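# Topology and contacts: notes
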Amino acid sequence: MTDDGAPGSPQVVASDAETIARVVAGDTEAFSILVDRYGNRAARYATRMLGDRAEAEEAVQDTFVRAYRALSRCADRERFGHWLFSILINRCRTAGARSGRRARTFVRDETALVAAAAPDAFDGVAWREEIAHALARLEMSQREAFLLKHVEQLSYEEMAAITGAGISALKMRVKRATDQLRMLLHEAYSA
Amino acid sequence: MPELPPIDPMDAFIADLQAPVDLSALATARIMAAVRADAARRRRRARTWQALAVAAVVVLAIGIAVYVRPADGTAVQFALPVPAAHEVVVVGDFNHWDTHATPLRRTTNGTWQTTVRLKPGAHVYSFVVDGNRWVADPAAPLAPGSDFGAPNSLVTVAPGTT
């Protein structure tokens, strides 16, 4: 569970466990390796989940700082990414419950606009706004499960380990989220 | 030219969600600033605890040293067989002739006794029975000049004895 690295000459990359060992031993700056490695992915999840870029960045910052403070308690250092995500998920749950901002669960960015491949006859921006509303209308637990499954592409076993929910419950949440989104997308297309 | 299959709106939707979101440089900088500040706090806290631990060890060591240090002087036992007495004390140059400083305890056979640590050298002393009767130690030689006043005894502690 890492961000894709930039192309370049081959180089030895320190594993998560090695990096954490350096940080725990007092090399504070080594923590930036983990921020670089997981920051973008965490930002994407938080942004999709909270629907607000600033709030998402705040959640990610808080998540990394919490992770740093608890780093010595990270049981499986090779799976730091999963551990970090479990902190992030909890942080997003708290932020989501607190803010109550359900109408802005999607953030526009130009890269996504290009990749969206919206139908020719449909205005891309309007379509995306419909999608934003659709995602926002999901229950938080369903949105969380949907994003972990289809955006972060985790297995149900990984999702269960991270969220603490059972696999059956997670499958149900993903199915319900998918069904509801399909219905909402259909409505958007039909409009 | 073959016709392209229609795009599933859900696939397009997911592709949209999968588009990268970069954590801003500002956020990264804030994370590292917070981490550095936290590390500095931890180091300060660790130094404080370290100093407290050192202080505690020093205090403990001093306490132990004082507690286990052997008392100065040589233990000398004073005894006087006066079963009928109600109170016996020993007075001498070692306690500035203080009649309250060194009381003796009565043992089961009627002998009164106590132990005092004395520095090496000659010491003049006497027993005081029931507050007013000065009695020389029958087991010790009389001190010089005892013939002219209160009967004092003499005990000599050799250097290097315990």
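Coordinates for the structure precede this section.
These notes cover the structure that comes with them. Fair warning: this is a prediction, and the values are worked out from it, not measured in the lab. (Residues numbered from 1 in each chain as written. Chains lettered and ligands numbered in written order. Predicted model: local features only at pLDDT ≥ 70, side-chain atom pairs only at ≥ 80, totals over all residues. Heavy atoms only, no water.)

Across its full length, chain A carries nine helices and zero strands. Overall, chain A shows an N-to-C arrangement of helices and strands of α-α-α-α-α-α-α-α-α. Here chain A holds 191 residues, and 49% of them are scored as buried. Approximately 9300 Å² of chain A is accessible, and the part contributed by carbon and sulfur atoms is 50%. (Helix = DSSP H or I, 4+ residues; strand = E, 2+ residues; numbered from the N terminus. Buried < 20%, exposed > 50% of the residue type's maximum accessible area, 1.4 Å probe, protein only. Areas by Shrake-Rupley, 256 points an atom, 1.4 Å probe, with all protein chains shown as cover.)

The next thing to look at is the overall build of chain B. When its secondary structure is counted, chain B shows two helices and seven strands. What you see in chain B, going N to C, is helices and strands ordered as α-α-β-β-β-β-β-β-β. Taken as a whole, chain B presents about 10400 Å² of accessible surface, with 62% of it coming from carbon and sulfur.

What follows concerns the packing of helix α2 (residues 31–50) of chain A against helix α3 (residues 53–69) of chain A. Residues and elements named next belong to chain A. Relative orientation of the contacting elements α2 and α3 amounts to 140 degrees, with a least axis distance of 8 Å. When the axis of α2 is compared with that of α3, the two are oblique. Where α2 crosses over α3, the two elements pack in a sense that is right-handed. Here F31, L34, V35, Y38, G39, A42, A43, A46, T47 and L50 of α2 come into contact with α3, specifically with R53, E55, A56, A59, V60, F64 and Y68. In the contact of α2 with α3, the residues fall into 13 nonpolar, two polar and two charged. (Axes fitted to C-alpha atoms, helices over the stretch in contact; angles between N-to-C directions. Parallel < 35°, antiparallel > 145°, perpendicular 65-115°, else oblique. Left-handed = near helix turned anticlockwise from the far one by under 90°. Contact = heavy atoms within 4.5 Å. Nonpolar A, V, L, I, M, F, W, Y, C, P; charged D, E, K, R; others polar.)

Bringing a positive patch on the surface into the picture now. Residue and element names in this part refer to chain B. Taken together, the side chains of R43, R44, R45 and R47 define a basic patch exposed on the protein surface. Locating R43 in the fold gives a position in helix α2 (residues 25–68). The partly exposed category is assigned to R43, whose relative accessible area is 44%. (Patch = residues over 30% accessible without salt bridge, like charges linked within 9 Å, V, L, I, M, F, W, Y side chains within 5 Å. Salt bridge = Lys/Arg side-chain N within 4 Å of Asp/Glu carboxyl O. Lys, Arg positive; Asp, Glu negative; His and termini not counted. Charge placed at Lys NZ, Arg CZ, Asp CG, Glu CD.)

As a further point, take the interface of chain A and chain B. Buried accessible area, meaning the area lost when the parts come together, often serves as the stated size of an interface. Each partner contributes to the interface: chain A provides 42 residues, whereas chain B provides 30 residues. Of the roughly 3100 Å² buried between chain A and chain B, counting both surfaces, carbon and sulfur atoms make up 64%. The largest per-residue losses of area from chain A upon contact with chain B belong to A:Q61, A:Y68 and A:R69, which jointly make up 16% of the total buried on that side. The tally of links between chain A and chain B comes to two salt bridges. One salt bridge connects B:D38 with A:R69, and the closest N-O pair in it is separated by 2.8 Å. Between chain A and chain B we count twelve residue pairs in polar contact (both at pLDDT 80 or more) in total. Elements represented by at least two residues in the side of chain A that touches chain B include exactly α2, α3, α5 (110–115), α6 (124–136), α7 (140–151) and α9 (167–190) of chain A. For the side of chain A that touches chain B, the leading source of residues is α2(A), giving ten residues. (Buried area = accessible area lost by both parts, 1.4 Å probe. Polar contact = N/O pair within 3.5 Å; in protein donor to acceptor, adjacent residues only side chain to side chain.)

Together, B:V54, B:V58, B:I62 and B:V66 make up an exposed nonpolar region whose accessible area comes to about 360 Å². Turning to its location among the elements, B:I62 is positioned in helix α2.

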